[in-house]
Amino acid sequence: MGKNGRNGKDGRDSLADPTQLKPLDPDDKQIFTVVIETPKGSRNKYAFDAKEKVFKLKKVLPAGMAFPYDFGFVPSTIADDGDPIDVLVLMDEPAFPGCVLQCRPIGIIEGEQESKKGKERNDRIVAIQEDAHSWADVKTMDDLGKQFCRELEEFFVNYHQLTGNKYRLLGHKGPKTVRETIKAGKR
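All values reported here derive from a predicted model rather than from experimental measurement. (Residues numbered from 1 in each chain as written. Predicted model: local features only at pLDDT ≥ 70, side-chain atom pairs only at ≥ 80, totals over all residues. Heavy atoms only, no water.)

Some details on the pairing of strand 2 (residues 44–49)
Item 1. As defined by bridge partners, strand 2 adjoins strand 3 (residues 54–60) across 6 bridges and the pair is classed as antiparallel. When the bridges of strand 3 are listed, Y46 appears paired with L57.
Item 2. Once strand 2 ends, the chain turns through 4 residues before running back antiparallel as strand 3, passing K53 with a positive phi of about 60 degrees. (Pairing = 2+ DSSP bridges. Helix = DSSP H or I, 4+ residues; strand = E, 2+ residues; numbered from the N terminus.)

Thoughts on a positive patch on the surface
Item 1. A cluster of like positive charges, contributed by K22, K29, K183 and K186, occupies part of the molecular surface.
Item 2. By the element assignment, K22 lies in the segment before strand 1 (32–38).
Item 3. Note on K22: relative accessible area 64%, which makes it exposed. (Patch = residues over 30% accessible without salt bridge, like charges linked within 9 Å, V, L, I, M, F, W, Y side chains within 5 Å. Areas by Shrake-Rupley, 256 points an atom, 1.4 Å probe, with all protein chains shown as cover. Salt bridge = Lys/Arg side-chain N within 4 Å of Asp/Glu carboxyl O. Lys, Arg positive; Asp, Glu negative; His and termini not counted. Charge placed at Lys NZ, Arg CZ, Asp CG, Glu CD. Buried < 20%, exposed > 50% of the residue type's maximum accessible area, 1.4 Å probe, protein only.)

Here we look at the environment of K53
Item 1. Note on placement: K53 falls in the loop between strand 2 and strand 3.
Item 2. On the basis of relative accessibility, which here comes to 18%, the residue K53 falls in the buried class.
Item 3. Linking K53 and V87, residues 34 residues apart in sequence, is a C-alpha distance of 20 Å.

Looking at the environment of T181
Item 1. Turning to its location among the elements, T181 is positioned in helix 2 (residues 175–185).
Item 2. Residues T181 and N44 lie 137 residues apart in sequence; the distance between their C-alpha atoms is 27 Å.

A look at unusual backbone geometry
Item 1. Its identity as a non-glycine residue notwithstanding, K53 has a phi of 60 degrees, on the positive side.
Item 2. Even without a glycine there, the phi angle at S76 is positive, about 60 degrees.

Some points on the packing of aromatic side chains
Item 1. Enumeration according to the criterion identifies 11 aromatic pairs in this entry.
Item 2. Considering the side-chain rings of Y69 and F148, the 5.5 Å spacing of their centres and the 40 degrees angle between planes classify their relative orientation as tilted. Taken together, the residues span a long stretch of sequence, with Y69 in the loop between strand 3 and strand 4 (70–73) and F148 in helix 1 (residues 146–161) at a distance of 79 residues. (Phe/Tyr/Trp six-rings, centres within 6.5 Å; stacked < 30°, edge-to-face > 60°.)

What about the environment of S76?
Item 1. Summarising the element assignment, S76 is placed in the loop between strand 4 and strand 5 (86–90).
Item 2. By relative accessible area, which is 12% here, S76 ends up buried.
Item 3. Sequence spacing of S76 and E151 is 75 residues, and the spatial spacing of their C-alpha atoms is 29 Å.
Item 4. Not counting the four nearest positions on each side in its chain, S76 is found in contact with T19, Q20, L21, P23, G185, K186 and R187.
Item 5. Polar contacts involving the side chain of S76 include one to the main-chain carbonyl oxygen of L21, which spans 2.6 Å. (Contact = heavy atoms within 4.5 Å. Polar contact = N/O pair within 3.5 Å; in protein donor to acceptor, adjacent residues only side chain to side chain.)

Focus on the nonpolar core
Item 1. Counting 23 residues, the largest nonpolar core has L90, I106 and W135 as its most contacted members.
Item 2. For this core, the secondary structure elements donating two or more residues are strand 5, strand 6 (100–115), strand 8 (124–129) and helix 1.
Item 3. Residue contributions to this core peak at 6 residues, all from helix 1.
Item 4. Sequence-distant contacts of L90, defined by excluding residues within four places in its chain, comprise Y69, I106, V126, A127, I128, Q129, A132, W135, L144 and F148.
Item 5. I36, V74, A95 and I108 belong to the second largest nonpolar core, which has 18 residues in total. (Core = buried A, V, L, I, M, F, W, Y, C linked by side-chain atoms within 4.5 Å.)

With respect to the pattern of salt bridges
Item 1. What the rule picks out here adds up to 7 salt bridges.
Item 2. With its nearest N and O atoms 3.5 Å apart, the salt bridge here joins K173 to E110. A residue pair is termed long-range when its members are at least 10 positions apart, and K173 in strand 9 (residues 166–173) and E110 in strand 6 qualify at 63 residues.
Item 3. Here R168 makes a salt bridge to E112, at a shortest N to O gap of 3.0 Å. Here R168 is found in strand 9, whereas its partner E112 is found in strand 6, with 56 residues between them in sequence.
Item 4. Members of the salt-bridge network, linked through shared partners, are E110, R121, D123 and K173.

Dropping the structure here:
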């Protein structure tokens, strides 16, 4: 192996690129793939750098603030903000950056992010890891209750404020909208 992790024989990258995975299970209309970037409970926000093919530390949240659930993306997709489609995953135990999960959708938080560059959509899918025992009975975001949803929304508003951006909730949609969103975002 040559310098920078490159294979000298054929020039191909020797590092894996999870952004190239298939986003949807063709045999199961409910399941889709998620790559975790930031685990539940972490103050560190990680992001996959497709050029370098590594997970990089993007920012550190202030003391007292942490990711409430695992946060990742749907591979082989592009959202309106230019990044892969974001997913918040509810599961029994935290995962780790780079962990690939099979998830079932329960809804989508529709939101708009405003920065110096202007406004853009920044929706977040909410999903349950396929084998999660604690969340097995949850089918839609409504099953989580209004307080739970309000806390998720507040997290995203506060998270965006850290970088000087505003986040405005536009609404929630159900699991059917998730599959349509993923199909529309496939690249």
